[in-house]
Amino acid sequence: MTGILLTPDNLTDAVGALLRHPHAQLVAGGTDVVADLNRGRPATGLLSLRGLAELTGIHYKDGRWCLGAMTTIADVRANADLAPQASALGQAARSLGSRQIRNRATVGGNICGGGSDRTLIPVLLAYDATVDVVGPEGSRTQALSDLLASSGASLAVGEILTAVSFSVASGPHRYYRIGPRNALCYATVSVTLVVDEPTRSVRVALGGVAETAVRAPAAEALAGAGIDWQRRRVDADVAGAFGVVAAEAAQPVSDFVASAQYRRHAVEVMARRALKHLFEEGIGE
Amino acid sequence: MSSGERISYCINVNGEQHVIEDAWYFETLLGVLRKHLGLNGTKFACGTGHCGACTVHVDGRPVNSCLELAALTVGHQITTIEGYSPADGSLTRLQEAIVQCADVQCGYCVPGLVMSAAALIGEQPGASAEDVREGLCGNLCRCTAYGGFVEAVRQAASHEAEA
């Protein structure tokens, strides 16, 4: 067999086809996989998920958003309820690639495409998202953080990510990024902040500063304790300390985009400004 | 499902069905348009989705045809710059605005830029200059003639909003 293009039209057939062709690579939107083919990377088998209508769609049920893995980034951005409510996700979707890329790139592909630089992973991590995975052994739901910790978001052979779910905290949340330009590049560093007002807690996730996106638990604890929740204010020294501690969670590498020192510094500055920014805007807005 | 090095299928381009015979199984839509159908208005440049020179519409939405596997576009409506341009050789209002405002040097980016802009105007009639800059972020012009393009697209979008 020199090559094969598998195009199942339902999940059962897709799982079956992967059992017969375990080395076939999954293709969602194709914006990574086909670019790699064009760069000359050999591929002997591809399995396209585009025919699986059951993996598309954005649903809200029992307080949780559920995004099918084949939902495009354009659809995430265009959803009139999701993008404003999950505002950090809406902002991240707006920053991803270009209009052409967003019309093809998918939520599932962004999660499983690999790399800490993928836009949505830190945002979903800050939302405490769970992922649904189907494989030959059946289906399972697990925390995205567990998947990242165990395998860096790569699935076992034969498995397919089908959906991602999360609930939106009651409080402001926002996605911040810095990169070489506004479009068509991965964020050099991203900081996602989610404030959960009822539990008086803050979640912060960092992108581009470790092998996978990471949370910064020490910074989260510092913010939860240091924010003046009554007055809804953040003192400058609390915000400053928050930035310093958040940067300590970063384990960046130096590469052709930026040095490790730059990335650590960027986290410190972005996290400090982000906390001030969210509270100056006011909780609940 | 298809197997083997080469496959055949039928795709709809500019309102016409085309039988594509003996195509490489991972051939991109861009490759099929140019090599099999001779539609050379759609340009190849980066092959990674960064430049937008290969932009076409699939079901009315702009996509990078270099990142689209042609075999997966079966059953969808593909529009290229040849199909967007009026058959009688005249120009659309957008194209006329580009002729009036833009300072084209090599022109290689223009077909892709027109296809992106046409989709943008459809989605956002009345788009501001800022909207146009964001909306066309997927199209690079190596001659950096962006100013004239942005003004042309803004004018065409403004006409669309008034129409």
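Because the structure is predicted, anything quoted here is derived from the model rather than measured.

Thoughts on the overall build of chain B
Across its full length, chain B holds 6 helices and 6 strands. Start at the N end of chain B and walk to the C end: the helices and strands fall as β-β-β-α-β-β-β-α-α-α-α-α. Taken over C-alpha atoms, the radius of gyration comes to 16 Å for chain B, in line with the 15 Å a tight globule of 163 residues would show. Taken over the C-alpha atoms alone, chain B extends approximately 50 × 30 × 25 Å along its principal axes. Sorting the 163 residues of chain B into buried and exposed places 47% on the buried side. If you take every contact in chain B between residues at least 6 apart in sequence, the share linking residues at least 24 apart comes to 59%.

A look at the overall build of chain A
Regarding its fold elements, chain A presents 12 helices and 12 strands. Projected onto its principal axes, the C-alpha coordinates of chain A cover approximately 65 × 45 × 35 Å. Looking at chain A as a whole, 52% of its 285 residues are labelled buried. For chain A, long-range pairs separated by at least 24 residues make up 62% of all intrachain contacts whose partners lie at least 6 apart in sequence.

Notes on the nonpolar core
Counting 146 residues, the largest nonpolar core has A:Leu206, A:Ala246, A:Val267 and B:Val153 as its most contacted members. Element by element, the count of residues in this core is highest for helix H4 (residues 110–123) of chain B, at 9 residues.

Digging into the sheet that holds strand E10 (residues 189–196) of chain A
All names here are of chain A. Spatially, 4 strands are ordered E9-E10-E11-E12 in an open sheet, and the strand pairing comes out antiparallel. Bordering the open sheet on either side are strand E9 (173–178) and strand E12 (214–215), each of which pairs with just one other strand. Bridging between strand E11 (residues 201–207) and E12 involves 2 bridges; their strand directions are antiparallel. Paired with Ala205 across the two strands is Arg215, which belongs to E12. Each of E9 and E10 touches helix H5 (residues 87–95); the most contacted strand, E9, lies at about 30° to it.

What about H5(A)?
Residues and elements named next belong to chain A. Regarding H5, the residues found buried are Ala88, Leu89, Ala92, Ala93 and Ser95. Projection of H5 onto a plane perpendicular to its axis shows the buried side chains occupying an angular sector of 165°, all on one side. Contacts from the buried residues of H5 go to helix H3 (73–78), helix H4 (82–85), helix H8 (120–126), E9 and E10. Phi for Gly97, located one or two positions after H5, is positive at around 55°.

So, the packing of helix H3 (residues 93–101) of chain B against helix H6 (residues 146–162) of chain B
Residues and elements named next belong to chain B. At a closest axis distance of 8 Å, the pairing of H3 and H6 adopts a crossing angle of 145°. The two elements H3 and H6 meet at a crossing, and its hand is right-handed. Across the interface between the two elements, Arg93, Leu94, Ala97, Ile98, Gln100 and Cys101 from H3 touch Gly148, Phe149, Glu151, Ala152, Val153, Gln155, Ala156 and His159 from H6. Looking at the contact of H3 with H6 residue by residue, the classes come out as 8 nonpolar, 4 polar and 2 charged.

Looking at H4(B)
Residue and element names in this part refer to chain B. The terminal C-alpha atoms of H4 lie 20 Å apart, and with 14 residues this matches the ideal 20 Å at 1.5 Å per residue to within 8%. In terms of burial, H4 is a largely internal element, 12 of the 14 residues being buried. Regarding H4, the residues found buried are Val110, Pro111, Gly112, Leu113, Val114, Met115, Ser116, Ala117, Ala118, Ala119, Leu120 and Ile121.

Remarks on the sheet that holds strand E5 (residues 64–68) of chain A
Residue and element names in this part refer to chain A. The antiparallel open sheet is built from 5 strands, whose spatial order is E4-E5-E8-E6-E7. The open sheet terminates on both sides in strands that have one partner only, identified here as strand E4 (58–61) and strand E7 (138–143). Each strand of the sheet is rotated relative to its neighbour by a mean of 20°, with strand direction disregarded. Where strand E6 (residues 130–135) meets E7, 6 bridges bridge the pair, whose relative direction is antiparallel. Bridge pairing links Thr130 to Ala143 in E7. Contacts between helix H9 (residues 144–151) and the sheet are confined to E6 and E7, with E7 contributing the most and set at about 95° to the helix.

Rules and cut-offs
Residues numbered from 1 in each chain as written. Chains lettered and ligands numbered in written order. Predicted model: local features only at pLDDT ≥ 70, side-chain atom pairs only at ≥ 80, totals over all residues. Helix = DSSP H or I, 4+ residues; strand = E, 2+ residues; numbered from the N terminus. Rg over C-alpha atoms; globule rule 2.2 N^0.38 Å. Buried ≥ 20, exposed ≤ 12 C-beta atoms within 10 Å, placed from the backbone. Contact = placed C-beta atoms within 7 Å. Core = buried A, V, L, I, M, F, W, Y, C linked by C-beta atoms within 7 Å. Pairing = 2+ DSSP bridges. Axes fitted to C-alpha atoms, helices over the stretch in contact; angles between N-to-C directions. Arc of directions from axis to C-beta. Left-handed = near helix turned anticlockwise from the far one by under 90°. Nonpolar A, V, L, I, M, F, W, Y, C, P; charged D, E, K, R; others polar. Expected span 1.5 Å × (residues − 1).

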